[in-house]
Amino acid sequence: MELLNTTLKQIFLKAFRDSGYDDDVTIGECAIANFGDFQCQTPLLLAKKYHKSPLVIANDVVAHIDGEGIITNITVASPGYINFFIDGEYLAKYLQEYLIDVADARKPTGKKVLIDYGGANCAKPLHVGHLRSADIGESIKRIAKYMGDDCIGDVHLGDWGLQMGMVIYAVWEKNPNLVYFDKSYTGEYPSQPPFTMDELKVMYPNISQRAKTDEVLHEKVKKITYDLQQGRRGYVALWKQIIEVSKKSIKQDYDKLNAHFDLWLGESDSKNYQDEVVDYVIKNGYSRVSDGATIVDVAREGDKAEIPPFMLLNSAGSALYSTTELATIVQRDREFGVDKILYVVDNRQELHFVQVFRCVKKINILKKDIDLQFVGFGTMNGPDGKPYKTRDGKAMGLDDLMQMVVDKALEKVKQSKPDYLDTEIENISKVVAISALKFADLSVLRTKDLVFDVDKFCSFEGKTGPYILYTITRANSVLAKADDCDAKFTLSDEDRRLALCLIKFTDSVASAYEKNAPSFLCDYAYSLANEFNTFYGKSSIIYEKDSTKKHTKIMLTKFTKNMLQKCMDLLAINTLEKM
Ligand code: ARG
């Protein structure tokens with residue numbers, strides 16, 4: 001369907017042209033509701049060019065407007081604004097068609113997009129950074145799907161480099177007699193892993209910390225990593241078990257966050273391409289050896305900051321994070337034929353992606369020219385403005401973070417629903433808590449940092465998840481009590497703002513898509529919830545006597561509820577029917 005914005009623009013373009021001004025025109029919302037629904041400020045921009053006052057231009061244009069049945073009450077205001085309203089009947093009809101139209105996904109774009117998000121590491125607990133990637137990535141994926149892209153979400157687990165050598169070392173240190181470490185062993189390995197996920201979560205950070213200062217330990221880990229990558233049987237068997245145990249636990253965490261991946265591939269899954277890519281780069285003379293490591297120069301003339309070389313192999317000859325990254329792009333090109341890859345990763349990894357993308361371009365290895373985009377995000381900080389840490393200085397784990405939010409949500413729900421059963425309160429609190437955390441995470445412009453503030457996140461007022469959830473349940477309770485009839489849908493003045501807000505969804509979702517920034521949808525959901533609550537405060541919906549008015553208000557309530565629900569689905573936040 002043709003959007004109202006487009007229709008208005010055409011009417012205005014014609015009027016400007018007919019008045020002798022052949023220029024582009026912009027139409028925006030009118031900031032003061034009493035003056036109009038929309039406003040055109042273009043006359044102000046043309047004054048200089050035509051040596052005329054904006055008022056004269058505005059009056060010329062208004063005299064040529066042909067908006068019969070669409071535009072009403074058009075006026076010129078000083079210093080040259082054109083304000084106007086949309087005809088009520090036209091708006092009512094448009095709104096109904098619009099809502100049917102936007103309910104379904106847009107026409108397929110034919111574009112295949114892979115979204116690389118989540119990025120949890122095996123054997124390690126998820127931390128705050130992984131939370132942001134999961135939240136933002138899942139929403140970007142849903143938005144892109146809605147906009148018609150063919151999307152694949154890949155979790156891209158950290159399951160290959162040095163970190164795997166560290167875990168294997170940790171298992172060895174704890175029990176060197178395990179059969180996995182016996183080189184001469186040729187039998188089957190035990191089917192049960194010699195550790196639990198909880199044990200792994202402690203073992204890995206411990207070694208990782210020690211390896212930072214212990215040179216000997218670091219070298220041992222490098223050797224194990226090399227042997228693993230060369231296929232040493234015992235290490236491979238152990239590594240498979242580490243992955244299996246980790247995946248199960250990571251999946252549970254992502255399920256809680258409503259992040260669902262199409263692909264559960266990891267860095268190691270690019271194995272089949274690694275040797276080929278490494279050989280290709282070396283054979284074609286793109287690399288050189290420096291301090292034993294094989295590197296590719298990616299700095300360019302005119303770089304403002306130093307861009308260090310891309311690391312193809314470390315001095316032990318092992319594949320690194322950068323190697324698997326490169327091989328994974330080749331894999332995605334060959335196996336999935338993608339047109340675009342979005343990397344939803346912490347801003348602090350930007351340099352890594354600059355190096356990788358440059359290397360891909362330099363070595364000219366892809367079948368297709370893939371649009372590679374780094375979709376970076378800021379950090380979740382503590383009250384001190386530094387990345388959020390636990391009291392003992394470790395990166396804040398997702399579990400601890402969630403617990404804090406769940407506790408706070410429980411407290412708030414208990415306060416507002418003192419007569420509810422404990423089980424009811426508990427169930428509501430869980431959904432409220434996740435909505436609080438996810439909405440807070442998503443509502444800040446992606447690239448910006450945010451401060452973890454559990455009180456603010458869980459508040460039922462302001463731009464928060466619980467506020468949107470509460471507004472949906474409020475609409476639901478109206479709908480549960482309202483007995484509707486089959487009257488006409490006609491908008492009165494008090495319904496206008498809400499109707500106009502409902503049709504703004506298209507612009508918001510388009511901005512969210514274009515900028516890979518779900519925050520635009522959060523802003524929209526918040527403004528719609530506000531508009532609905534104002535409408536609710538002013539109207540008596542259930543007790544309205546006039547059947548036409550009543551029907552219209554009930555329909556608007558239903559439209560709002562559906563629209564808020566749609567936004568929350570695109571943000572991957574669960575809602576409640578009742579609260
Ligand atoms: N596992 C990485 C980390 O925790 C994030 C992976 C992001 N994705 C990627 N293709 N590099 O830092």
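Placed above this text is the structure.
Throughout, residues of each chain are indexed from 1 in the direction in which the sequence is written. At least 70 in pLDDT is required for a residue's local features to be given in this predicted model, at least 80 for side-chain atom pairs to be given and counted, and no such filter applies to totals for whole chains, interfaces and linings, which use all residues. Processing note: side-chain calculations cover all non-hydrogen atoms of the structure and skip hydrogens and water entirely.

Runs of E in the DSSP output that reach at least two residues are strands. Runs of H or I that reach at least four are helices, and both are numbered from the N terminus. A count of helical and extended segments in the chain gives 20 helices and 13 strands. The dimensions of the chain, computed from C-alpha atoms along their principal axes, are 90 × 65 × 40 Å. For this analysis, residues touch if any pair of their heavy atoms sits within 4.5 Å. Within the chain, counting contacts between residues at least 6 apart in sequence, those at least 24 apart form 75% of the total. Computed with the Shrake-Rupley method and a 1.4 Å probe, the accessible areas treat only the protein chains shown as cover for residues. As displayed, the chain offers around 27,000 Å² of accessible surface, 50% of which is attributable to carbon and sulfur atoms.

Note: two strands are recorded as paired if DSSP finds a minimum of 2 bridges between them. One open sheet holds the 4 strands; their spatial order is β6-β5-β10-β11, and the pairing between them is parallel. In this open sheet, the two strands that pair with only one neighbour each are β6 (150-154) and β11 (371-377). With strand direction ignored, the average angle separating the axes of adjacent strands in the sheet is 20°. For strand β5 (residues 112-116) and β6, the ladder comprises 5 bridges, and the chain directions are parallel. Note that in β6 the partner of Leu114 across the bridge is Ile152. Contacting β10 (340-346) and β11, helix α12 (residues 350-363) runs over the sheet at an angle of about 175° to β11. Simply put, an axis is a line fit to the C-alpha atoms, just over the touching stretch for a helix, and the angle between two N-to-C directions goes from 0 to 180 degrees.

Under the 1.5 Å per step criterion, the end-to-end length of helix α1 (residues 4-18) is 21 Å for 15 residues, consistent within 8% with the ideal 21 Å. Residues of α1 that are buried: Leu4, Thr7, Leu8, Ile11, Phe12, Ala15 and Phe16. Within α1, the buried residues cover an arc of 165° as seen down the axis, which keeps them to one side. Residue Gly20 follows α1 closely and has a positive phi angle near 95°. To estimate the expected span of a helix, subtract one from its residue number and multiply by 1.5 Å. Three exposure classes are used, based on accessible area relative to the maximum for each residue type with a 1.4 Å probe and protein chains only: buried under 20%, partly exposed in between, and exposed over 50%. Working note: the arc is built from the helix axis to C-beta atom directions.

Here we come to the sheet that holds strand β7 (residues 287-290). The sheet built from 3 strands is open, its strands ordered β7-β8-β9 with antiparallel pairing. The sheet is open, and its two borders are formed by β7 and β9 (310-313), each paired with just one other strand. Averaged over neighbouring strand pairs, the angle between their axes works out to 40° when direction is ignored. Two elements, strand β8 (residues 293-296) and β9, share 3 bridges in a ladder whose sense is antiparallel. Following the sheet pairing, Ile295 is matched in β9 by Met311.

For the ligand, the full set of nearby residues is Asp116, Gly119, Asn121, His130, His156, Tyr321, Glu325, Tyr343, Val345, Gln349 and Phe353. Polar contacts, as used here, are pairs of N or O atoms within 3.5 Å; protein pairs need one atom able to donate a hydrogen and one able to accept it. Residues neighboring in sequence count only if both atoms are side-chain atoms. One of the backbone nitrogen or oxygen atoms of Gly119 is found 2.8 Å away from a nitrogen atom of the ligand. Residue Tyr321 places a side-chain N or O atom 2.7 Å away from a nitrogen atom belonging to the ligand. Protein burial of the ligand: of its 350 Å² of free accessible surface, 87% is covered by the chains. Those elements that provide at least two residues to the shell around the ligand are α11 (321-336) and β10. Proximity is defined per residue: any heavy atom of the residue falling within 4 Å of a molecule or strand makes that residue near it.

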